[in-house]
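Structural features, examined
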Amino acid sequence: ELPSKSLAPDAAIFNALMSACSRAAQWQRSLLLFELMSQRGIRQSLVTLGALLAALTKGQKWREVLGLLDQLPKKPKAS
């Protein structure tokens, strides 16, 4: 019998789940996972955002895509 160990999901697990949801056209689940990451204090990366954007795009949720893009930090233009 193996000892029971509780493993907490990390960003890589969430990213993989969100990518799978995107491929399965489950944009709602990707969005829930994205929100769950925030609730658990798990840092979201560009990979996370890309997975969510892919899911939302596949679901044709253009307003949500634009809202997410609008929240991204803006890079200052070079002078």
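Residues numbered from 1 in each chain as written. Predicted model: local features only at pLDDT ≥ 70, side-chain atom pairs only at ≥ 80, totals over all residues. Heavy atoms only, no water.

It is worth spelling out the nonpolar core at this point. One recurring pattern in soluble globular proteins is that nonpolar side chains are buried together. If you look at the biggest cluster of nonpolar residues, it comprises 16 residues, and the most contacted ones within it are Met18, Phe34, Leu52, Leu56 and Leu68. Ranked by residues supplied to this core, first place goes to helix α3 (residues 46-58) with six residues. (Core = buried A, V, L, I, M, F, W, Y, C linked by side-chain atoms within 4.5 Å. Buried < 20%, exposed > 50% of the residue type's maximum accessible area, 1.4 Å probe, protein only. Helix = DSSP H or I, 4+ residues; strand = E, 2+ residues; numbered from the N terminus.)

Our next topic: the side chain of threonine 48. Here threonine 48 shows up in helix α3. Polar side-chain contacts of threonine 48 include one of 2.5 Å to the side chain of asparagine 15. When neighbours within four sequence positions are excluded, threonine 48 is seen to be in contact with Asn15, Met18, Phe34 and Met37. (Polar contact = N/O pair within 3.5 Å; in protein donor to acceptor, adjacent residues only side chain to side chain. Contact = heavy atoms within 4.5 Å.)

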